[in-house]
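Results of the structural survey
One letter stands for each residue in the lines below.
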Amino acid sequence: NITVDQINELKPLDIATNDFVRDKFIQIYEAMWSPSTGVSGEAAYERECRNFNRILSEKEDLRKKCTRFSLFTAFLDVAISGLSLEPGARAQCYLLSRSIAVDSYLDQQGQKKNKYETQCVLTISGYGELLHRARVGQIRHADNPVIVYEEDDFEYGEQNRNKFVNYTCRLPHTSGKIVACFMKITRADGTPDYAV
């Protein structure tokens, strides 16, 4: 086992490569995701350790300002979520820094003040949410979002307890005015649903 004090003594770029952290990541990933994804915990660890340390190398605010323990928990959150920190247009999750109130005290005038610390948090993107929901069987698929402009024909409603969208794209979009956005979702049972 490793203690919080031992984690806090590690350099940020050494957290993910620590043997205890490695073993914990693999254990979590294999228990939660290896059976359904077919990806071994060790393969997921190697990929995400590289991604995690690349992000810390590139983002000084994460590396220098965030608590070591929050970096540790954010890395393990990657294993828990089963998502990847791989960058790109369809990134599944990100590492962000957040200032969080961790304690309070009274100042010299007797006013209550909060003590803050900067923590690293794993933030799941929309693409990550969709992947996660597909993995757990809530949906089969979600199409890319469609932006509806003022010139387009668009109708949204519900008939017989089923949502529907009627959409026709009318190019060119000269107004540039967006009036709606929708996404078709295929439920686990194969029926369509729409988010507008």
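Scroll up for the structure.
Anyway, here's the lowdown on the structure attached to this text.

What counts and what doesn't
- For every chain, the first residue of the written sequence is number 1, and numbering continues from 1 along that sequence.
- The predicted nature of this model means local features are confined to residues of pLDDT at least 70 and side-chain atom pairs, given and counted, to a pLDDT of 80 or more, with totals for whole chains, interfaces and linings taken over all residues.
- Side-chain measures were taken over the full set of non-hydrogen atoms in the model, leaving aside hydrogen atoms and water.
- Each pair of strands is called paired provided DSSP finds at least two bridges between the two strands.
- Secondary structure counts use DSSP, requiring at least four H or I residues in a row for a helix and at least two E residues in a row for a strand, with both numbered from the N terminus.
- Each cavity reported here is a set of points on a 1 Å grid over the protein atoms alone in which a 1.4 Å probe fits but cannot get out, each pocket an open set with protein on both sides within 12 Å along at least five of seven lines, and each lining residue one with an atom within 4 Å of a point.
- Grid points are joined across faces, edges and corners, and a volume is the space filled by probe spheres set on the points.
- Under the scheme applied, nonpolar residues are Ala, Val, Leu, Ile, Met, Phe, Trp, Tyr, Cys and Pro; charged residues are Asp, Glu, Lys and Arg; polar residues are all the others, including Gly.
- Each Phe, Tyr or Trp ring, with Trp reduced to its six-membered ring, pairs with another whose centre is within 6.5 Å; inter-plane angles below 30 degrees give stacked pairs, above 60 give edge-to-face pairs, and intermediate values give tilted ones.
- Burial status follows relative accessibility: with a 1.4 Å probe on protein chains alone, a residue under 20% of its type maximum counts as buried, one over 50% as exposed, and anything between as partly exposed.

A few words on the pairing of strand E6 (residues 162-168). Where strand E5 (residues 153-159) and E6 come together, seven bridges link them in antiparallel fashion. Residue pairing for E6: Phe 154 is matched across the bridge by Tyr 167. As consecutive antiparallel partners, E5 and E6 are separated by two residues, and within that stretch Asn 160 has a phi angle of approximately 50 degrees, a positive value.

Time to look at the layout of surface pockets. Considering only enclosed or pocket space, the largest pocket measures out at about 250 Å³ in volume. Contributing to the lining of the largest pocket are 15 residues, with Arg 90, Tyr 127, Leu 130, Leu 131 and Ala 142 lying nearest its centre. Here the lining of the largest pocket takes five residues from helix H8 (residues 126-135), the largest share from any one element. Class assignment of the residues belonging to the lining of the largest pocket gives a composition of eight nonpolar, four polar and three charged.

This part takes up the packing of aromatic side chains. All told, the structure shown has eight aromatic pairs when counted by the stated rule. Ring centres of Phe 52 and Phe 75 lie 4.9 Å apart, and the angle between their planes is 55 degrees; this geometry places the pair in the tilted category. With a gap of 23 residues between them, Phe 52 in helix H5 (residues 41-58) and Phe 75 in helix H7 (residues 68-81) connect regions that are remote in the sequence. By the burial criterion, Phe 52 is buried, and Phe 75 matches it. Through a chain of ring-to-ring contacts, three or more aromatic side chains come together here, namely Phe 25, Tyr 29, Tyr 45, Phe 52 and Phe 75.

Between Leu 171 and Pro 172 the backbone carries a cis peptide bond, its omega angle lying at 0 degrees. Turning to its location among the elements, Pro 172 is positioned in the loop between E6 and strand E7 (178-187). The residue Asn 160 is not glycine, and still its phi comes out positive at about 50 degrees. Tracing the sequence through the fold places Asn 160 in the loop between E5 and E6. The class for Asn 160 is exposed, based on a relative accessible area of 72%. You will see that Arg 161, though not glycine, has its phi angle at about 65 degrees, which is positive. Following the sequence through the fold, Arg 161 ends up in the loop between E5 and E6.

With that settled, the discussion passes to the environment of His 132. Note that His 132 resides in helix H8. When its relative accessible area of 28% is taken as the criterion, His 132 is described as partly exposed. The sequence separation of His 132 and Gln 92 amounts to 40 residues, and the corresponding C-alpha distance is 9.4 Å.

By themselves, these observations are geometric and do not establish any function.
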